[in-house]
Amino acid sequence: MSAPTPETAEHSDDARASLEALRTEIAKAVVGQDSAVTGLVVALLCRGHVLLEGVPGVAKTLLVRALAASLELDTKRVQFTPDLMPSDVTGSLVYDARTAEFSFQPGPVFTNLLLADEINRTPPKTQSSLLEAMEERQVTVDGTPRPLPEPFLVAATQNPVEYEGTYPLPEAQLDRFLLKLTVPLPSRDDEINVLARHAEGFNPRDLQAAGLRPVATPADLEAARTAVAKTSVSAEIAGYVVDICRATRDSPSLSLGVSPRGATALLSTARAWAWLTGRGYVTPDDVKALALPTLRHRIQLRPEAEMEGVTADSVITAILAHVPVPR
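Below you will find a few notes about this structure. Note that residues are indexed from 1 along each chain, following the sequence as it is written. Totals for whole chains, interfaces and linings use every residue, but because this is a predicted model, local features are given only for residues with pLDDT of at least 70 and side-chain atom pairs only at 80 or more, for both listing and counting. Remark: hydrogens and water are excluded; side-chain values derive from all non-hydrogen atoms of the structure.

A few points about the packing of aromatic side chains
Phase 1: Centres within 6.5 Å make a pair out of two Phe, Tyr or Trp rings, where for Trp the six-membered ring is used; the pair is then stacked when the planes are under 30 degrees apart, edge-to-face when over 60, and tilted otherwise. Applying the stated criterion across every chain yields a total of two aromatic pairs.
Phase 2: The aromatic ring of Trp275 is capped on one face by Arg16, whose charged end is 4.7 Å from the ring centroid.
Phase 3: In this scheme, the term charge over a ring applies when either NZ of a lysine or CZ of an arginine sits within 6 Å of the ring centre and within 35 degrees of the ring normal. Sitting over the face of the ring of Tyr281, Arg279 holds its NZ or CZ atom 5.7 Å from the ring centroid.

What follows is the structure, given as structure tokens:
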């Protein structure tokens, strides 16, 4: 691979600095969710989508809105409910009496950052309306494909503790999400900080008043994506990723292991993380750092393993401890 020119390296450094500034900017609105912020940035760099899992009230919606405001991106929110129809997401043809013709009315999916709130509360028919948008970056209505804006990211949320009236996402759709990020409850100090901010008048619905401003642009994001694509991956690292994924297929605790698409996803996220940390090459530590969020939703536990308290994260952690690390 040819060495980057000084001008290319400068553009890469500028883009990295802009994206690193996102963490500080989003912290003006969201307290103590650095790993989730990083995951969303990695997904944007990889042109992937994110599943955010956390109990109600941990700022999942605020996190996505703050990211959009800091990146100067358009964002829309869809509250997924049992009666939501596919056309409510994608848009539909509407008859115009004045022209006696049908015209396309775009749905909320035509945005840069789509927040699919509580995606597991809507039936599979409506869930599947997002599949084409997520995979092909387009929506087909009445046989006509319509491209979505660029960049485009779906950030879907789901509640991990409430199962009544929910429709679990099928494996095929889970596999379309690049990352599954857990949004934990804040620490005691962080929660005190949240209360102090609200006592001082912080309004989560008015991010401008909170001081949030765009610190990066879509052009910065595109420059960053170009730089990530030039991050080198050795044959040993590619083999390490494959060995980790193949080990999930042989695990006695799992009925479903990671697919080749999952291996590709892990390599992509590791490259993005390597670039964000200032390196032009991927190390085994980059792979380990992104293994849990990239793979945890792509495996399926056996019922007997679940009864014994085994979790997806514990299986992946054990595999990372046993697969030989390249020197």
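Some details on the layout of surface pockets
Phase 1: Both cavities and pockets are sets of points on a 1 Å grid over the protein atoms alone; in a cavity a 1.4 Å probe fits but cannot get out, in a pocket the set is open with protein on both sides within 12 Å along at least five of seven lines, and lining residues sit with an atom within 4 Å of a point. Grid points are joined across faces, edges and corners, and a volume is the space filled by probe spheres set on the points. In this model, the largest pocket occupies a volume close to 800 Å³.
Phase 2: Lining of the largest pocket is provided by 25 residues; of these, Glu53, Gln158, Leu174, Lys180 and Glu306 occupy positions nearest its centre.
Phase 3: Helix and strand assignments come from DSSP, with helices taken as H or I runs of at least 4 residues and strands as E runs of at least 2, each series counted from the N terminus. Contributions of two or more residues to the lining of the largest pocket are made by β1 (50-53), α7 (171-174), β9 (179-182), β11 (300-301) and α14 (312-322).
Phase 4: Under the convention adopted here, Pro, Cys and the residues Ala, Val, Leu, Ile, Met, Phe, Trp and Tyr are nonpolar, Asp, Glu, Lys and Arg are charged, and Gly plus all remaining residues are polar. Among the residues forming the lining of the largest pocket, the class breakdown is eleven nonpolar, eight polar and six charged.
Phase 5: There are two domains that each give the lining of the largest pocket at least three residues, and those are domain 1 (1-229) and domain 2 (231-326). Domain start and stop positions are those given by an automatic or database domain assignment.

Re the side chain of Glu25
Phase 1: With respect to the helices and strands, the residue Glu25 is situated in helix α1 (residues 6-26).
Phase 2: Residue class for Glu25 comes out buried when judged on its relative accessible area of 4%.
Phase 3: Only heavy atoms matter for contacts: two residues are in contact if any of them lie within 4.5 Å across the pair. In this structure, Glu25 is in contact with Ser70, Gly211, Leu212, Arg213 and Val215, ignoring residues within four places of it in sequence. Exposure is judged per residue with a 1.4 Å probe applied to protein chains only, and the accessible area is read against the type maximum: over 50% gives exposed, under 20% gives buried, and values in between give partly exposed.

Looking at helix α3 (residues 60-71)
Phase 1: Residue count minus one, scaled by 1.5 Å, sets the expected span of a helix. The first and last C-alpha atoms of α3 sit 17 Å apart over twelve residues, in line with the 16 Å expected at 1.5 Å per residue.
Phase 2: In terms of residue burial, α3 counts as a mostly covered element, since ten of its twelve residues are buried.
Phase 3: Three or more residues of α3 are buried, namely Lys60, Thr61, Leu62, Leu63, Val64, Ala66, Leu67, Ala68, Ser70 and Leu71.
Phase 4: Taken from the residues just after α3, Glu72 is the one with a positive phi, measuring 60°.

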